[in-house]
6 protein chains.
Amino acid sequence: MKIAAFGEIMMRLTPPEYLMLEQTKELRLDFTGTGVNILSNLAHFGCQTSLLTNLPDNRLGEAAKASVRQLGIQDRWIGVSGAHIGSYFAEMGFGPRPTQVTYQNRRNSSFGVSDASCYDFDAFLEETDLVHICGISLSLTEATREAAFILAEKAHTLGKKVCFDFNFRPSLNEAHGISFMKEQYQKILPYCDLVFGSQRDLTDLLEMPLNETLDTDKQFEEIVHRFMQKYQIAYFAGTIRQYERDKHYLTGFLFDSEKYEKAAPREITNLDRIGAGDAYAAGVLLGYSESWSLIETVEFATANGILAHTIQGDVPLTTRKQVRHIMEQPTVDLIR
Amino acid sequence: MKIAAFGEIMMRLTPPEYLMLEQTKELRLDFTGTGVNILSNLAHFGCQTSLLTNLPDNRLGEAAKASVRQLGIQDRWIGVSGAHIGSYFAEMGFGPRPTQVTYQNRRNSSFGVSDASCYDFDAFLEETDLVHICGISLSLTEATREAAFILAEKAHTLGKKVCFDFNFRPSLNEAHGISFMKEQYQKILPYCDLVFGSQRDLTDLLEMPLNETLDTDKQFEEIVHRFMQKYQIAYFAGTIRQYERDKHYLTGFLFDSEKYEKAAPREITNLDRIGAGDAYAAGVLLGYSESWSLIETVEFATANGILAHTIQGDVPLTTRKQVRHIMEQPTVDLIR
Amino acid sequence: MKIAAFGEIMMRLTPPEYLMLEQTKELRLDFTGTGVNILSNLAHFGCQTSLLTNLPDNRLGEAAKASVRQLGIQDRWIGVSGAHIGSYFAEMGFGPRPTQVTYQNRRNSSFGVSDASCYDFDAFLEETDLVHICGISLSLTEATREAAFILAEKAHTLGKKVCFDFNFRPSLNEAHGISFMKEQYQKILPYCDLVFGSQRDLTDLLEMPLNETLDTDKQFEEIVHRFMQKYQIAYFAGTIRQYERDKHYLTGFLFDSEKYEKAAPREITNLDRIGAGDAYAAGVLLGYSESWSLIETVEFATANGILAHTIQGDVPLTTRKQVRHIMEQPTVDLIR
Amino acid sequence: MKIAAFGEIMMRLTPPEYLMLEQTKELRLDFTGTGVNILSNLAHFGCQTSLLTNLPDNRLGEAAKASVRQLGIQDRWIGVSGAHIGSYFAEMGFGPRPTQVTYQNRRNSSFGVSDASCYDFDAFLEETDLVHICGISLSLTEATREAAFILAEKAHTLGKKVCFDFNFRPSLNEAHGISFMKEQYQKILPYCDLVFGSQRDLTDLLEMPLNETLDTDKQFEEIVHRFMQKYQIAYFAGTIRQYERDKHYLTGFLFDSEKYEKAAPREITNLDRIGAGDAYAAGVLLGYSESWSLIETVEFATANGILAHTIQGDVPLTTRKQVRHIMEQPTVDLIR
Amino acid sequence: MKIAAFGEIMMRLTPPEYLMLEQTKELRLDFTGTGVNILSNLAHFGCQTSLLTNLPDNRLGEAAKASVRQLGIQDRWIGVSGAHIGSYFAEMGFGPRPTQVTYQNRRNSSFGVSDASCYDFDAFLEETDLVHICGISLSLTEATREAAFILAEKAHTLGKKVCFDFNFRPSLNEAHGISFMKEQYQKILPYCDLVFGSQRDLTDLLEMPLNETLDTDKQFEEIVHRFMQKYQIAYFAGTIRQYERDKHYLTGFLFDSEKYEKAAPREITNLDRIGAGDAYAAGVLLGYSESWSLIETVEFATANGILAHTIQGDVPLTTRKQVRHIMEQPTVDLIR
Amino acid sequence: MKIAAFGEIMMRLTPPEYLMLEQTKELRLDFTGTGVNILSNLAHFGCQTSLLTNLPDNRLGEAAKASVRQLGIQDRWIGVSGAHIGSYFAEMGFGPRPTQVTYQNRRNSSFGVSDASCYDFDAFLEETDLVHICGISLSLTEATREAAFILAEKAHTLGKKVCFDFNFRPSLNEAHGISFMKEQYQKILPYCDLVFGSQRDLTDLLEMPLNETLDTDKQFEEIVHRFMQKYQIAYFAGTIRQYERDKHYLTGFLFDSEKYEKAAPREITNLDRIGAGDAYAAGVLLGYSESWSLIETVEFATANGILAHTIQGDVPLTTRKQVRHIMEQPTVDLIR
């Protein structure tokens with residue numbers, strides 16, 4: 001299955017050794033983004049992947065493309081337009097100190113200013129079996145919104161699978177209210193086959209009511225299945241974080257039209273607090289593309305999410321062998 | 001309230017990535033010191049701060065001043081005398097391996113050789129509402145001792161608030177015995193309004209007896225209030241470290257003439273084992289300068305101390321927003 | 001003389017050791033800009049300096065302010081507006097390979113979106129004797145253009161000295177033609193006392209004709225004096241670069257209303273190819289503020305420009321002692 | 001007691017800050033190996049140590065020798081032959097992500113191609129009281145196997161103490177089966193006085209049966225004493241790792257011909273997952289060389305192993321003072 | 001034109017900042033090799049390129065592949081065999097101090113142990129128009145020699161262009177004498193269309209006599225044309241280095257069957273002394289593939305070689321724009 | 001010949017990449033000193049060397065000793081006393097910008113406070129054939145002066161060779177005048193066999209008159225031979241620096257009782273401006289210890305001095321092979 005993604009390439013600038021911005025003049029530069037993260041991980045799992053996006057025609061654009069290739073992603077659908085790359089600075093947290101992200105220039109980025117006319121969707125879709133569309137494109141700009149809708153519709157019409165994640169960021173939606181975003185989500189969901197999200201996305205963004213006569217877990221199951229039926233979604237998946245005393249756990253869930261599976265919770269050990277969601281999504285897409293059982297898929301995807309937290313940066317670089325290792329030999333902490 | 005401090009600027013040289021000195025040729029250079037730490041933190045809280053000290057008239061002196069300015073502290077009262085900056089090498093500990101500090105040349109530093117004649121205390125005090133005097137000045141040299149006494153007396157006479165910390169370091173007091181130090185403390189305390197210390201400072205350095213008829217906690221309360229009354233101290237504050245199984249907790253306490261509050265213990269996660277005491281002091285001084293309640297003050301100051309342990313170096317760079325965040329949303333470990 | 005500047009603080013991101021962007025993940029972060037550069041240098045010469053600009057209210061804005069303070073510049077007139085800092089990536093050249101600069105997001109920066117209403121010019125000018133206005137503000141956005149005009153006019157009216165540099169960048173003026181820029185320059189020049197520029201600025205931007213009956217050097221002198229008379233300019237200064245075989249030389253020139261001096265050319269040895277112009281300007285402003293003779297001023301300013309090329313980054317950190325050293329003892333290459 | 005070792009010097013190349021190989025172009029270079037590790041630690045304990053090995057006659061060989069000297073080991077018995085140094089890349093694990101070691105070129109290394117004729121065993125043994133022979137020499141090549149046998153025999157004949165560790169690595173023994181290795185072990189053991197190993201080495205490699213009528217702990221004691229009697233071994237020692245919930249503990253054991261002691265388990269905090277076994281061995285050899293009691297020896301050696309996990313790299317650099325500190329003042333985590 | 005290469009991927013390990021191996025524990029890791037260098041440069045010129053080689057099936061092999069992709073080279077013909085990657089340590093020279101290269105393990109590398117049976121030449125050649133075969137494959141091992149011959153023959157038979165460079169390294173040919181190497185060269189040359197070499201390769205390796213009745217330059221021309229005719233070579237190219245006082249110049253030459261052009265010598269400024277030959281070859285191949293005139297080609301290729309010396313590492317990353325820049329605007333040393 | 005030295009081990013702290021102290025928080029730590037430099041170089045030439053000095057009994061002292069061993073110098077005569085190591089910060093110059101050295105704490109160093117009673121000169125001299133005494137010991141403190149005199153006298157009495165260098169530093173002699181230093185030099189010279197110095201040392205420090213009837217070069221020859229005769233010096237050597245346009249040359253000279261040789265001047269290319277004098281001295285001592293001719297010795301020593309300028313840090317790490325290479329194949333700038 002040829003898997004592609006439509007989304008932004010961003011620069012991530014990170015001070016070394018948990019330093020804060022005021023403490024250092026050194027930064028580590030990585031290229032990242034939801035699409036980059038998911039595809040890179042799938043490429044490390046052995047899949048053929050391709051990213052559809054635009055970059056500026058300058059030295060930064062070239063460096064970004066080189067980095068994407070290094071991650072194993074094909075760069076042939078990366079075009080040129082605009083003049084900027086969005087960036088974010090990540091001051092890495094430690095213990096009780098949170099990781100602090102500061103964004104720069106997302107809306108004016110090459111991706112942000114590219115509308116549908118900047119891409120050749122037809123040619124792109126010819127080479128694609130499944131396309132992931134990052135929900136941030138619905139929040140970013142009018143251009144990215146329009147491009148996302150047209151791409152989703154075209155893909156759906158051609159019988160390609162469409163994967164979508166809500167990825168709602170309050171900081172990107174201060175101008176438009178929730179009701180504006182609800183409209184956007186409602187517009188794209190009918191084209192989608194796989195959706196990543198949470199119960200809150202359904203209740204707060206789509207304003208779907210919970211059936212409060214049921215117990216908590218059943219409420220969740222019921223609302224998800226109601227949502228999936230309404231939009232004809234084949235797979236709905238996401239992660240849940242739990243805090244128990246001073247420990248922190250990750251669990252993944254996955255619904256198909258009939259069933260619902262949850263992984264055993266795994267304790268989170270954080271080297272980097274960003275990127276586990278994309279790793280989880282990559283795991284689910286791998287299971288989907290190879291028709292694994294739901295339970296096999298959630299267990300693998302959750303273990304993959306856990307591993308992503310032990311890797312610096314948002315880009316998960318795990319291989320199948322590494323994920324299997326922590327599932328099968330969790331106490332072997334040295335391989336030689 | 002314009003807050004100032006009198007104390008030494010030191011160089012801290014730290015190997016990267018928890019390496020020991022033999023393992024690396026790379027060191028990180030920071031400028032630090034009790035005064036620097038407390039004022040920098042207060043500046044990050046929005047206070048106007050100024051440091052009174054001396055540095056050599058050379059490239060290191062200039063670099064030290066630049067660093068102090070960067071931290072938000074005014075450098076106009078930093079004078080020139082002597083030829084050296086005291087330094088220390090910090091081999092950062094990890095797990096059971098302790099952080100190992102090696103000092104170089106403290107007594108011969110520009111600060112160490114500067115007596116009262118090297119400073120213009122009157123002009124300095126005109127611009128100051130509260131001055132922090134680091135207890136190390138009583139241990140360091142005859143010159144610093146004399147300067148500290150004269151400054152404390154002048155400040156007190158002018159109605160400025162004087163803040164003092166015991167900061168007793170056995171390694172700096174091998175020549176003089178305890179009784180010598182007791183005399184020095186007794187000489188400065190009558191000028192002081194706020195004091196940072198511990199029960200041990202009162203019993204072992206001032207040789208005050210405990211009232212053993214009381215239970216442990218009451219003993220503490222009674223001796224502190226007796227001490228405060230004797231020297232007319234308005235605020236007495238400090239921190240207590242507790243070990244419980246393999247965990248490590250920090251609690252702050254704060255007395256005014258009538259009451260006594262203790263913060264809820266917070267677990268310590270160490271990126272750097274040096275500097276929490278100064279962060280706690282900065283928190284207390286902030287609460288004092290803004291007339292917060294005792295309990296508000298200890299809770300904030302303790303959270304600030306905890307954050308300081310998650311920041312590399314001794315200089316706490318926390319803002320009010322960051323401290324409030326871990327008090328109010330302790331499980332939100334990623335802000336974007 | 002209290003010297004201030006109005007201009008942008010930018011982030012400069014530089015790969016280490018002459019690497020190109022594709023070759024590294026490490027970048028060095030500096031905060032820079034014409035105003036920052038000139039004021040930092042003047043502060044290192046012992047002047048009191050202050051920067052008028054705006055930064056975003058986030059972690060990057062705070063880090064930028066801390067950096068500006070470290071350089072010796074007062075930060076009290078640095079306000080908050082907008083959400084971004086403009087940045088540029090500098091791939092350092094080596095030998096025949098040129099230094100390559102790639103800009104990101106200049107027009108959307110906090111400075112770029114701040115118009116006159118975002119500043120308190122009156123209060124600022126009360127504390128200022130001379131204000132430097134960077135010519136880039138005339139190219140950047142409508143908001144910066146307007147702010148520059150109002151500031152220049154107010155300063156002039158209050159009898160403050162106004163210093164202006166042409167600093168024309170073709171890449172920032174692709175939309176507007178030369179004739180648009182000519183109008184802008186003509187609008188600001190009547191308020192100016194000191195101007196930095198070149199013969200080409202006069203002929204190509206202001207479209208002033210050369211008197212071709214004179215020999216080359218006289219042509220230059222005549223056009224400059226004509227320009228100075230027209231706009232009542234007290235000082236006109238700039239630098240000339242010469243290539244002779246494989247060597248590269250810098251000469252500074254300086255006009256007052258009557259005379260004209262040129263420095264002896266000095267060979268350029270480049271550690272960093274950016275920032276010599278600002279160092280030259282700082283040297284001229286120092287001479288001006290201390291009423292040095294023209295020839296003393298150009299010689300000092302040119303030596304300072306040469307030194308700036310031996311310092312990494314655009315910010316010249318030279319002291320008077322360092323400039324005097326290379327003027328007086330050029331063969332002493334080790335000081336101990 | 002002059003302690004020497006016969007074994008390989010390897011290069012260890014480690015990405016910084018827990019990065020994986022794909023994520024960085026920077027590597028840290030260390031020289032390591034079982035002999036290097038044990039001798040370096042003994043040198044830090046104050047013993048006189050010397051390494052017998054061969055290196056290539058090139059820049060890498062010289063750098064390796066310099067590094068070994070820096071660690072406190074005499075380099076006079078390091079000869080020259082062959083053309084390569086074996087190396088390994090260590091991608092440091094974090095939390096559930098295991099440390100991943102990738103070897104390069106062990107069998108073709110200078111050590112790997114050196115047989116007995118490349119060394120002057122007689123002269124070497126004259127200056128040696130105890131020689132440690134790393135079990136890897138029995139797995140590596142025909143040349144190292146032969147050299148190890150001849151050295152062990154000569155040492156034994158001369159009345160020198162011989163110390164041996166099993167150090168069985170499946171990845172080095174894929175060609176030869178277990179029965180081949182059993183023969184090798186049986187050939188060297190009669191010359192040995194101290195042996196480092198585990199119960200599994202006795203049951204799986206030497207194929208000795210357990211006496212299953214005994215309870216587990218007694219089984220272990222019985223098989224070890226049977227083994228020691230058979231080969232006339234004076235000391236048998238090793239470590240055991242235990243997992244309890246999410247914690248990880250280290251215990252050392254030590255047998256002489258009559259008794260058997262086990263240290264209290266200590267929790268492992270890992271900065272580096274490689275090298276604790278060699279640190280444990282160094283602790284046992286120190287106790288042996290100074291005739292400490294068994295229990296003193298195991299407690300010290302286990303604490304030393306724990307410390308080794310908090311030091312980057314495989315080479316334990318602990319001093320007696322550091323080991324005593326964590327045994328006596330485990331909660332003092334800052335020494336100044 | 002689809003250009004491919006057959007050759008080794010090596011690790012290059014370089015100490016930073018001109019340090020020697022004894023002076024540092026930090027190394028920079030790059031993946032390099034004649035094929036990698038030429039193809040990467042052609043990819044940066046916009047060509048489609050692919051590398052045929054083998055790597056070990058481990059973490060280093062994966063990292064090497066990722067790096068090759070980052071450089072713009074397709075990795076689909078990179079197979080898996082053997083267990084090692086050859087490496088070299090480059091201690092960078094400065095001024096009179098030469099760059100010192102130390103090799104490790106070339107002959108045992110995955111490439112060194114792979115014979116023709118390890119590759120699918122037919123499928124590879126189907127996608128290739130021109131294949132570059134590095135002459136080092138004739139020196140390395142019996143396996144690489146055989147593979148090179150079979151590949152050259154197959155390519156020639158299929159009408160593909162074959163490019164070959166002599167690349168004779170005395171250190172790799174100590175075992176075999178010159179006459180052995182002469183045979184190998186004579187065996188491959190009949191299949192070749194483009195050859196990179198020097199006059200010395202023809203006289204010393206092929207033992208062709210010079211016609212000493214001609215003047216020096218004519219001798220060169222005559223022997224090259226005689227060589228080209230004998231083996232039916234279409235293009236012969238190479239570089240000449242000249243020393244004039246303390247300067248160092250590079251000139252390229254290029255022959256087709258009729259003409260001969262030499263570039264104007266360009267002064268060398270060295271950031272890195274390795275890799276200019278491969279950059280020159282890439283320039284020639286670009287001109288060849290786009291049918292430029294000889295003189296256009298040598299001028300471009302020589303300028304490219306000069307630029308390669310200003311880039312760290314052996315891999316030339318120059319774009320057409322950069323090469324044109326130094327040809328057309330050599331004094332513009334700052335682009336913004 | 002066993003060569004030893006008596007002198008200080010200092011810490012050198014150097015910012016990377018030619019940065020100035022204000023520009024960075026990273027420093028490189030090296031251990032250096034005249035004795036360290038000369039002995040390290042002789043050890044790299046294959047000599048057996050040993051350093052006599054004292055260090056503090058702390059982590060820095062241990063790290064210094066480890067570094068000295070790494071350089072190839074025996075550490076058995078390095079004792080323990082005092083509490084500090086002298087240090088200096090070297091801001092590396094570039095082009096016209098000079099290298100700027102800032103000292104810290106030389107006189108209070110462990111070496112500075114150690115008098116003759118802190119060393120066992122007799123045992124040390126038993127193992128020594130030639131001892132180098134750094135002239136700085138005569139300037140540093142009363143303790144080092146006394147120790148130097150006693151050591152020189154004892155060595156001379158025992159028939160050991162004594163080597164001395166003037167090494168006059170005005171900054172260390174501000175308190176004492178020239179006449180004081182003259183006395184010290186006159187006191188030690190009668191014990192010396194080899195002396196390193198310059199004509200200025202003889203005229204300005206020893207106040208010997210020039211014979212102005214001779215021409216310049218003869219004046220030099222005459223005064224040196226007069227000096228050598230007076231104090232019975234066997235060898236007098238030193239270096240001369242010449243500036244010619246923008247180039248910089250080094251020449252070495254060497255006198256025995258009869259002859260006088262000067263090396264051909266060599267152009268200096270500076271990576272580091274410190275340490276060439278010590279490299280020159282090491283070259284002369286090598287020639288002396290192996291009885292080379294004067295001209296062989298000066299040529300080698302001068303080439304060695306030139307190489308030292310291409311190596312970062314003051315410690316020359318050159319081997320005989322490297323020195324011979326630049327003497328014999330100066331245009332071969334890449335060895336592989």
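Residues numbered from 1 in each chain as written. Chains lettered and ligands numbered in written order. Predicted model: local features only at pLDDT ≥ 70, side-chain atom pairs only at ≥ 80, totals over all residues. Heavy atoms only, no water.

*Asks:* Could you clarify how one ought to interpret the overall build of chain A in this entry?
*Replies:* When helices and strands are counted, chain A shows 11 helices and 15 strands. The C-alpha radius of gyration of chain A comes to 19 Å, within 12% of the 20 Å expected for a compact globule of 336 residues. When the backbone C-alpha atoms are referred to their principal axes, chain A occupies close to 55 × 50 × 40 Å. Each of the 336 residues in chain A was classed as buried or not, and the buried ones make up 65%. Pairs at least 24 residues apart make up 69% of the contacts formed inside chain A by residues separated by at least 6 positions. For chain A, the accessible surface area stands at approximately 11700 Å², while carbon and sulfur atoms represent 47% of it. Looking at chain A, you have 33 positive and 44 negative side-chain charges, and the mean spots of the two groups are 3 Å apart. (Helix = DSSP H or I, 4+ residues; strand = E, 2+ residues; numbered from the N terminus. Rg over C-alpha atoms; globule rule 2.2 N^0.38 Å. Buried < 20%, exposed > 50% of the residue type's maximum accessible area, 1.4 Å probe, protein only. Contact = heavy atoms within 4.5 Å. Areas by Shrake-Rupley, 256 points an atom, 1.4 Å probe, with all protein chains shown as cover. Lys, Arg positive; Asp, Glu negative; His and termini not counted. Charge placed at Lys NZ, Arg CZ, Asp CG, Glu CD.)

*Asks:* Which parts of the structure should I look at to understand the packing of aromatic side chains?
*Replies:* For any two aromatic rings, the description comes down to two numbers: the centre-to-centre distance and the angle of the planes. Across all of its chains, the model carries 138 aromatic pairs over all chains by this definition. Taking 5.4 Å as the distance between ring centres and 85° as the angle between the ring planes, the aromatic pair formed by B:Phe220 and B:Phe255 counts as edge-to-face. Note that B:Phe220 is positioned in helix α8 (residues 216-231) and B:Phe255 in strand β12 (residues 247-255), a separation of 35 residues in sequence. Look at B:Phe255 and you get buried, because its relative accessible area is 0%. Centroid distance F:Phe236 to F:Phe255: 6.3 Å. Interplanar angle 55°. Geometry classified as tilted. Here F:Phe236 is found in strand β11 (residues 235-244), whereas its partner F:Phe255 is found in strand β12 (residues 247-255), with 19 residues between them in sequence. Side by side, F:Phe236 and F:Phe255 carry an identical accessibility label, which is buried. Through a chain of ring-to-ring contacts, the aromatic side chains of A:Phe164, A:Phe166, A:Tyr185, A:Phe220, A:Phe227, A:Tyr231, A:Phe236, A:Phe253, A:Phe255 and A:Tyr260 assemble into a single cluster. (Phe/Tyr/Trp six-rings, centres within 6.5 Å; stacked < 30°, edge-to-face > 60°.)

*Asks:* Explanation requested: the pairing of strand β11 (residues 235-244) of chain E in the structure shown.
*Replies:* Side chains on a regular strand alternate between the two faces of the sheet. All names here are of chain E. In the sheet, strand β10 (residues 194-196) pairs with β11 via 3 bridges, with the strands oriented parallel. Its bridge partner being in β11, leucine 194 is matched across the sheet by tyrosine 235. A loop of 2 residues connects β11 with strand β12 (residues 247-255), the two strands running antiparallel in sequence, and arginine 245 in this loop sits at a positive phi of about 50°. (Pairing = 2+ DSSP bridges.)

*Asks:* Help me understand the relation of the copies chain E and chain D in this model?
*Replies:* Between chain E and chain D, which share one sequence, the superposing operator has a rotation angle of 180° and an axial displacement of 0.0 Å; the RMSD is 0.0 Å. Interpreted geometrically, this transformation is the action of a two-fold axis. Taking C-alpha positions as reference, the residue of chain E nearest the rotation axis is E:Leu27, located at 2.6 Å. A high fraction, 100%, of the interface residues of chain E reappear at the interface in chain D, so the copies pair face to face through one surface. (Least-squares fit on C-alpha atoms with pLDDT ≥ 70 in both.)

*Asks:* Whenever I open this one, the packing of helix α1 (residues 34-44) of chain D against helix α9 (residues 276-289) of chain D confuses me. Can you help?
*Replies:* Residue and element names in this part refer to chain D. Across the interface, α1 lies against α9 with an axial gap of 9 Å and an inter-helix angle of 50°. It follows from the interaxial angle that α1 and α9 lie oblique. Crossing of α1 over α9 shows right-handed handedness. Residues Thr34, Asn37, Ile38, Asn41 and Leu42 of α1 form the contact with α9, whose participating residues are Asp278, Ala279, Ala281, Ala282, Leu285 and Leu286. (Axes fitted to C-alpha atoms, helices over the stretch in contact; angles between N-to-C directions. Parallel < 35°, antiparallel > 145°, perpendicular 65-115°, else oblique. Left-handed = near helix turned anticlockwise from the far one by under 90°.)

*Asks:* Help me understand the relation of the copies chain B and chain D in this model?
*Replies:* When chain B is fitted to chain D, the residual RMSD is 0.0 Å, and the transformation amounts to a turn of 120° plus an axial shift of 0.0 Å. Accordingly, the operation relating the two chain copies is best matched by a three-fold axis. The C-alpha atom lying nearest the rotation axis in chain B is that of B:Glu17; the distance is 4.2 Å. Different-surface contact between copies: only 9% of interface residues of chain B are shared with the interface of chain D.

*Asks:* Just checking my understanding: could you explain the interface of chain E and chain D for this structure?
*Replies:* By a frequent convention, interface size equals the accessible area lost on bringing the separate parts together. At the junction of the two partners, chain E supplies 27 residues and chain D supplies 27 residues. Here chain E meets chain D over a buried area of about 2600 Å², counting both sides, of which 53% is carbon and sulfur. Of all residues in chain E, E:Lys25, E:Arg59 and E:Gln104 give up the largest surface area on contact with chain D, accounting jointly for 27% of the area buried on that side. At the boundary of chain E with chain D, the tally comes to 4 salt bridges. (Buried area = accessible area lost by both parts, 1.4 Å probe. Salt bridge = Lys/Arg side-chain N within 4 Å of Asp/Glu carboxyl O.)

*Asks:* Is there a simple way to explain the packing of helix α9 (residues 276-289) of chain A against helix α10 (residues 294-308) of chain A in this structure?
*Replies:* A pair of packed helices can be characterised by two numbers: the angle between their axes and the separation between those axes. All names here are of chain A. Interaxial distance between α9 and α10 falls to 8 Å at its minimum, and their mutual angle equals 150°. Judged by the inter-axis angle, α9 sits roughly antiparallel to α10. The way α9 lies across α10 gives a crossing that is right-handed. From α9, Ala276, Ala279, Tyr280, Ala282, Gly283, Val284, Leu286 and Gly287 reach across to α10, where they touch Thr297, Val298, Phe300, Ala301, Thr302, Asn304, Gly305 and Ala308. When grouped by side-chain class, the residues that make up the contact of α9 with α10 number 10 nonpolar, 6 polar and no charged. (Nonpolar A, V, L, I, M, F, W, Y, C, P; charged D, E, K, R; others polar.)

*Asks:* Can you help me understand the pattern of salt bridges in this one?
*Replies:* Applying the stated rule across the entire model yields 113 salt bridges over all chains. A salt bridge links D:Glu290 to D:Arg320; the nearest nitrogen and oxygen atoms lie 2.7 Å apart. With a gap of 30 residues between them, D:Glu290 in the loop between α9 and α10 (294-308) and D:Arg320 in helix α11 (residues 320-328) connect regions that are remote in the sequence. Taking the relative accessible area as the measure of exposure, D:Arg320 reaches 27% and is therefore partly exposed. As a salt-bridge pair, F:Lys154 and F:Asp122 come within 3.1 Å of each other at their nearest N and O atoms. Here F:Lys154 is found in helix α5 (residues 142-157), whereas its partner F:Asp122 is found in helix α3 (residues 121-126), with 32 residues between them in sequence.

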